[in-house]
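Understanding the architecture of this molecule
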Amino acid sequence: MNKPFNTLAIILLPLLFSFCGNSKIKNLQSPPFKVVNAVYSYWVGGQPGVKGIKIKIAIDNPSIKLDSVYFRGNALELQKDMTSQLPTFIGTYIFPYKPPVDLIMSDNSVQEYGNKPHPISSKKQRNLKKNEALISYKYNQKRVYFKINELTEEIESTFKN
């Protein structure tokens, strides 16, 4: 008697959870705004090791406030750009500084004994491609997510003529 019940539970539970995931995907496909422009750029600061990434997202609906974005393994808080005519949100991420490491390279592995291995990233990766981003915002008192399929890289010139 227990065996048919266990088999039925094993089959039905994954199906129930798969429907929960599909409801989130529907929220991703129909936002109350249109993305007008979505760009990212890398920047380098004046001090050694100071660098990061900046994301700008412009939308056409001024009543929506985007609050965060997940891009290339980094979560960024978005702030509204008050200088733009369109509702534009900017997020900046500063890469952590990693001082240069002295490695001993030798044919003899005993001499390389003091080298430390590269750390393994423990960040939970989402299933996003290289130029995709996941945006978070609130709509009707609910947290909603929207995936931007293609962010374009904007090359900023530091030397202006």
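Look above for the structure.
Considerations on the sheet that holds strand β7 (residues 133-139)
Strands sit in the order β4-β3-β7-β8 across an open sheet of 4 strands; the sheet is antiparallel. Across the chains shown, the open sheet's two edge strands, defined by having one partner strand only, are β4 (74-77) and β8 (142-148). Direction aside, the axes of adjacent strands within the sheet are offset by 25 degrees on average. Sheet topology note: the strand β3 (residues 66-71)/β7 ladder contains 5 bridges and is antiparallel. Considered in β7, the bridge of Tyr-70 is made with Leu-134.

Examining the environment of Glu-112
Along the polypeptide, Glu-112 turns up in the loop between β6 (88-94) and β7. The exposure class assigned to Glu-112 is partly exposed, which follows from its relative accessible area of 26%. If near-sequence neighbours (up to four positions away) are discounted, Glu-112 is found in contact with Ile-104, Met-105 and Ser-106.

Structural notes on the sheet that holds strand β1 (residues 35-44)
Read across the open sheet, the 5 strands follow the order β5-β6-β2-β1-β9; overall the sheet is mixed. The outermost strands of the open sheet, each flanked by one partner alone, are β5 (79-81) and β9 (152-153). Of the pairings in the sheet, the one linking β1 to strand β2 (residues 51-59) comprises 9 bridges and is antiparallel in character. Of the residues in β2, the one forming a bridge with Tyr-42 is Ile-53.

Re a nonpolar patch on the surface
Nonpolar side chains collect at one region of the surface, where Val-101, Leu-103 and Met-105 lie side by side and expose about 360 Å² of accessible area between them. Residue position: Leu-103 is located in the loop between β6 and β7. Overall, Leu-103 belongs to the partly exposed group, its relative accessible area being 47%.

Considerations on the pairing of β6
With 7 bridges joining them, β2 and β6 adopt antiparallel strand pairing. Its bridge partner lying in β6, Ile-57 is registered against Phe-89. The hairpin turn running from β5 into β6, its antiparallel successor, is 6 residues long.

Side note on the pairing of β1
Hairpin remark: β1 followed by β2, antiparallel, with 6 residues in the connecting loop; positive phi at Gly-49, about 85 degrees. In terms of strand pairing, β1 meets β9 through 2 bridges, oriented parallel. Considered in β9, the bridge of Tyr-40 is made with Glu-153.

Brief notes about the pattern of salt bridges
For the structure on display, the rule yields 2 salt bridges. Residue Arg-143 is joined to Asp-67 by a salt bridge in which the shortest nitrogen-to-oxygen separation is 2.4 Å. With a gap of 76 residues between them, Arg-143 in strand β8 and Asp-67 in strand β3 connect regions that are remote in the sequence. Residue classification places Asp-67 among the partly exposed residues on the basis of a relative accessible area of 21%. The closest approach of N and O atoms between Glu-132 and Lys-147, which form a salt bridge, is 3.8 Å.

Conventions we followed
Within any chain, residue numbers begin from 1 and follow the written order of that chain's sequence. Where totals are concerned, whole chains, interfaces and linings use all residues; where local detail is concerned, this predicted model gives features only for residues with pLDDT of at least 70, and gives and counts side-chain atom pairs only at 80 or more. Calculated side-chain values reflect all of the structure's heavy atoms, with hydrogen atoms and water omitted. Here, any two strands with at least 2 DSSP bridges between them count as paired. Put simply, DSSP marks the helices as runs of H or I at least four residues long and the strands as runs of E at least two long, and each gets a number from the N terminus on. Geometry is summarised by axes, namely lines fitted to C-alpha atoms with helices restricted to the contacting stretch, and by angles between N-to-C directions that run from 0 to 180 degrees. Throughout this description, buried means an accessible area under 20% of the type-specific maximum (1.4 Å probe, protein chains only), exposed means over 50%, and partly exposed covers the range between. Throughout, a residue-residue contact means that at least one pair of heavy atoms, one from each residue, lies within 4.5 Å. Residues with no salt bridge and a relative accessible area higher than 30% make up the patches, which join like charges within 9 Å and nonpolar side chains (Val, Leu, Ile, Met, Phe, Trp, Tyr) within 5 Å. Reported accessibility uses the Shrake-Rupley method at a 1.4 Å probe radius. Residues are deemed covered only where the shown protein chains occlude them. What makes a salt bridge here is a side-chain nitrogen of Lys or Arg within 4 Å of a carboxyl oxygen of Asp or Glu, nothing more.

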